[in-house]
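Structure assessment
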Amino acid sequence: MAQVKQLLSFTLGSTRRVYLPKLSVAVTREYSAYGPNFVEPVFRREDINKLKETGEAKTLAHIPIKAAKTEQTCSEFYDPQLERFINYVMRKGKKSLARSIVNQSLQQVKRIQIQKYHKETDPDEKAKVVLDPLKVFHAAVENCKPLLNLTPIKRGGATYQVPVPITPHKATFMSMNWLIEQGKAEPKTTRFHFKLANELVNASMGHGRVIKRKEDLHRQCEANRAYAHYI
């Protein structure tokens, strides 16, 4: 930005003083705390053992490593997919509240599965009941992942809903968001973690509203398969 420099000068005896006004120029730059030679940290024990077995740990010994994030830990209870789900539940940066809500949902899943376990009289059916809430969560997310999605494409002045394949990352994003939306659905008198827990249990068994939503999407993609050549 061009700025005009105004010079104010006056003479005091034989000394001439020149004053330049301070120029304030707003310069915005993005700086990283780590240089380009820093690598991502390896914090899981399984991954560290693999690096030691393959010999890659020796090559990383003299390479600068970034600091691990707050939620990254070597604990056996750390689950990357669950941490991602907590981030999707989080609103307005209140991650501790989101983590508390998700933990309450998993506790409710545990209660539902234990009640189901004790109600079963058949030993074979009782053995099929999954008591680990994390396994129920992973099964629910996996069952809710869509394979196709509709995208609007304009051709000849008309807009067509064209079925397109989606990436695994996008499929996981849609699956988790559908589960969260179902937790916010009716009835409003029921707490979020109760509705989310019920939907996780239903989705892990292959039925429920989110599963129906995925099947409806696939049905729409099948109906619009004639427009697939517009991709």
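Look above for the structure.
Figured I'd write up the structure that's included with this text.

Of note, lysine 214 is situated in helix α9 (residues 209-223). Among buried charged residues, lysine 214 stands out as having no salt bridge; its nearest opposite-charge side chain is glutamate 215, 6.2 Å away.

Turning next to the pairing of strand β3 (residues 148-155). Judged from the eight bridges that link them, β3 and strand β4 (residues 158-165) form a sheet pairing that is antiparallel. Of the residues in β4, the one forming a bridge with leucine 148 is proline 165. Linking two consecutive strands that pair antiparallel, namely β3 and β4, is a turn of two residues; a positive phi of about 60 degrees is found at glycine 156 within it.

Along the polypeptide, arginine 84 turns up in helix α3 (residues 80-89). For arginine 84 and methionine 176, which are 92 residues apart along the polypeptide, the C-alpha to C-alpha distance reads 9.1 Å. Ignoring anything within four residues of it in the chain, the contact list for arginine 84 reads His169, Thr172, Phe173 and Met176. In terms of polar contacts, arginine 84 uses its side chain to reach the side chain of tyrosine 88, at 2.8 Å.

This brings us to unusual backbone geometry. A cis amide bond links glutamate 186 to the next residue, proline 187, at an omega of 0 degrees. When you line up the elements, proline 187 lands in the loop between α7 (168-183) and α8 (192-204). At lysine 92, a position not held by glycine, the phi torsion is positive, near 60 degrees. Secondary-structure assignment places lysine 92 in the loop between α3 and α4 (95-119).

Now for the packing of aromatic side chains. Per the counting criterion, the structure on display carries seven aromatic pairs. Consider the rings of tyrosine 34 and phenylalanine 38, whose centres lie 5.3 Å apart with planes at 55 degrees: the pair is tilted. Judged by its relative accessible area of 31%, tyrosine 34 falls in the partly exposed class. Measuring from ring centre to ring centre gives 5.2 Å for phenylalanine 85 and phenylalanine 137, while their planes differ by 65 degrees; the resulting arrangement is edge-to-face. Of the two residues, phenylalanine 85 sits in helix α3 while phenylalanine 137 sits in helix α6 (residues 133-143), which places them 52 residues apart along the sequence. For the pair phenylalanine 85 and phenylalanine 137, one class covers both residues: buried.

The next thing to look at is the layout of surface pockets. In this structure, the largest pocket encloses a volume near 230 Å³. At the level of elements, α4, α5 (123-128), α6 and α8 are the ones that each hand at least two residues to the lining of the largest pocket. Top contributing element to the lining of the largest pocket by residue count: α6, with three residues. Each residue belonging to the lining of the largest pocket can be placed in one class, and the counts come to six nonpolar, two polar and five charged. Of the pockets and cavities examined, the second largest pocket occupies roughly 200 Å³. Residue lining of the second largest pocket: Val89, Met90, Arg91, Lys94, Leu97, Ala98, Ile101, Gly183, Lys184 and Phe192, and that is the complete set. Broken down by element, the residue count for the lining of the second largest pocket peaks at three residues, all from α4. Tallied by class, residues from the lining of the second largest pocket come to six nonpolar, one polar and three charged.

Rules of the game
- Residues numbered from 1 in each chain as written.
- Predicted model: local features only at pLDDT ≥ 70, side-chain atom pairs only at ≥ 80, totals over all residues.
- Heavy atoms only, no water.
- Helix = DSSP H or I, 4+ residues; strand = E, 2+ residues; numbered from the N terminus.
- Buried < 20%, exposed > 50% of the residue type's maximum accessible area, 1.4 Å probe, protein only.
- Lys, Arg positive; Asp, Glu negative; His and termini not counted.
- Salt bridge = Lys/Arg side-chain N within 4 Å of Asp/Glu carboxyl O.
- Pairing = 2+ DSSP bridges.
- Contact = heavy atoms within 4.5 Å.
- Polar contact = N/O pair within 3.5 Å; in protein donor to acceptor, adjacent residues only side chain to side chain.
- Phe/Tyr/Trp six-rings, centres within 6.5 Å; stacked < 30°, edge-to-face > 60°.
- 1 Å grid on protein atoms, 1.4 Å probe; cavity = no way out; pocket = protein on both sides within 12 Å on 5 of 7 lines; lining within 4 Å.
- Points joined across faces, edges and corners; volume = space filled by probe spheres on them.
- Nonpolar A, V, L, I, M, F, W, Y, C, P; charged D, E, K, R; others polar.

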